Amino acid sequence: MELLMPVFEQAKRFMRQNGNLHQWTGGYPSREILAADIATGSSFVCLDDEGVIVGTFCFRYGPAPEPTYAAICDGSWLNDKPYGVIHRIASAGRVGGIFAACLNWCRGYIDNIRIDTHRDNRVMQELLVRHGFSRCGIIFLANGDERIAFQRDFSR
């Protein structure tokens, strides 16, 4: 877990430099959240050729891996098929293509992927559209915070 914290700190710096001032604040993601991801087997890393961590993400899949996705406003999901969800994707900033590598890996488990992001995270929104995701609507996190929800069904 300690090897992941610098990756998240770099990702936060990148967000702030690109106008995303409100996402991942207040110590998020905490060591407790990352420990829970690790304990449930949903924490993954991207390694470079030398075995150095260059990215990390949380991935879950199944019939309903994300409770906050049960209700969506201002739109709808593309389908009701089982899906995978990507959370907390972060790059150490040393190599490009972390999102593409993550997405490629996740597709090996399920072809229906959902993800959400903060309204201020323009970089992620553009990345999602570039990778064929559709903006589906708005979801609300357990604490009430709003997120823009995206989905891509690779079987279509």
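This one's a predicted model, so the numbers in the text were calculated from it and none came from an experiment.

(A) Layout of the overall build of the chain. Within the chain, the regular secondary structure consists of four helices and six strands. Going from N to C terminus, the chain has its helices and strands arranged as α-α-β-β-β-α-β-α-β-β. Its C-alpha atoms give the chain a radius of gyration of 15 Å, near enough to 15 Å, the size a compact globule of 156 residues would have. By principal-axis analysis of the C-alpha atoms, the chain measures approximately 40 × 30 × 30 Å. When each of the 156 residues of the chain is scored for burial, the buried share is 44%. Sequence-distant contacts in the chain: of pairs separated by 6 or more residues, those separated by 24 or more amount to 64%. Carbon and sulfur atoms make up 53% of the accessible area of the chain, which amounts to about 8200 Å² in all. Positive and negative side-chain charges of the chain, numbering 17 and 17 respectively, have mean locations separated by a distance of 3 Å.

(B) Representation of the layout of surface pockets in the model. The volume enclosed by the largest pocket comes to roughly 1100 Å³. In this structure, the largest pocket is lined by 42 residues; those nearest its centre are Met15, Gln23, Trp24, Arg88 and Ile89. Contributions of two or more residues to the lining of the largest pocket are made by helix 1 (5–17), strand 3 (83–91), helix 3 (98–107), strand 4 (112–117) and helix 4 (122–130). Looking at the lining of the largest pocket, the element that brings in the most residues is strand 3, giving six residues.

(C) Broad picture of the environment of phenylalanine 8. The topology assignment puts phenylalanine 8 in helix 1. The exposure class assigned to phenylalanine 8 is buried, which follows from its relative accessible area of 2%. The spatial distance from the C-alpha of phenylalanine 8 to the C-alpha of tyrosine 83 is 25 Å, given a sequence separation of 75 residues. If sequence neighbours within four positions are ignored, phenylalanine 8 has contacts with Trp24, Pro29, Leu34, Thr56, Arg88 and Ala90.

(D) Representation of helix 4. Along helix 4, the residues that are buried comprise Met124, Gln125, Leu127 and Leu128. Buried residues of helix 4 fall within an arc of 165 degrees about the axis and therefore sit on the same side. In helix 4, those exposed residues whose orientation departs by more than 90 degrees from the buried face are Arg122, Glu126, Val129 and Arg130. Looking at the packing, one finds that the buried side of helix 4 touches strand 3, helix 3, strand 4 and strand 6 (146–153). Where helix 4 terminates, the next one or two residues include glycine 132, which has phi positive at roughly 85 degrees.

(E) How the structure looks around the nonpolar core. By size, the foremost hydrophobic cluster in this structure holds 22 residues, and its most contacted members are Phe57, Ile86, Phe99, Ile113 and Phe133. Of all elements in the fold, only strand 2 (53–62), strand 3, helix 3, strand 4, helix 4 and strand 6 reach the threshold of two or more residues within this core. Looking at this core element by element, the count peaks at five residues for helix 3.

(F) Representation of empty space enclosed by the protein within the structure. Enumeration over the complete set of coordinates arrives at one cavity of 30 Å³ or more. Those elements that provide at least two residues to the lining of the largest cavity are helix 2 (31–39) and strand 2. Considering every element that reaches the lining of the largest cavity, the biggest residue donor is strand 2, with three residues.

What counts and what doesn't
- Residues numbered from 1 in each chain as written.
- Predicted model: local features only at pLDDT ≥ 70, side-chain atom pairs only at ≥ 80, totals over all residues.
- Heavy atoms only, no water.
- Helix = DSSP H or I, 4+ residues; strand = E, 2+ residues; numbered from the N terminus.
- Rg over C-alpha atoms; globule rule 2.2 N^0.38 Å.
- Buried < 20%, exposed > 50% of the residue type's maximum accessible area, 1.4 Å probe, protein only.
- Contact = heavy atoms within 4.5 Å.
- Areas by Shrake-Rupley, 256 points an atom, 1.4 Å probe, with all protein chains shown as cover.
- Lys, Arg positive; Asp, Glu negative; His and termini not counted.
- Charge placed at Lys NZ, Arg CZ, Asp CG, Glu CD.
- 1 Å grid on protein atoms, 1.4 Å probe; cavity = no way out; pocket = protein on both sides within 12 Å on 5 of 7 lines; lining within 4 Å.
- Points joined across faces, edges and corners; volume = space filled by probe spheres on them.
- Arc of directions from axis to C-beta.
- Core = buried A, V, L, I, M, F, W, Y, C linked by side-chain atoms within 4.5 Å.

Any link to function would need more than the numbers given here.
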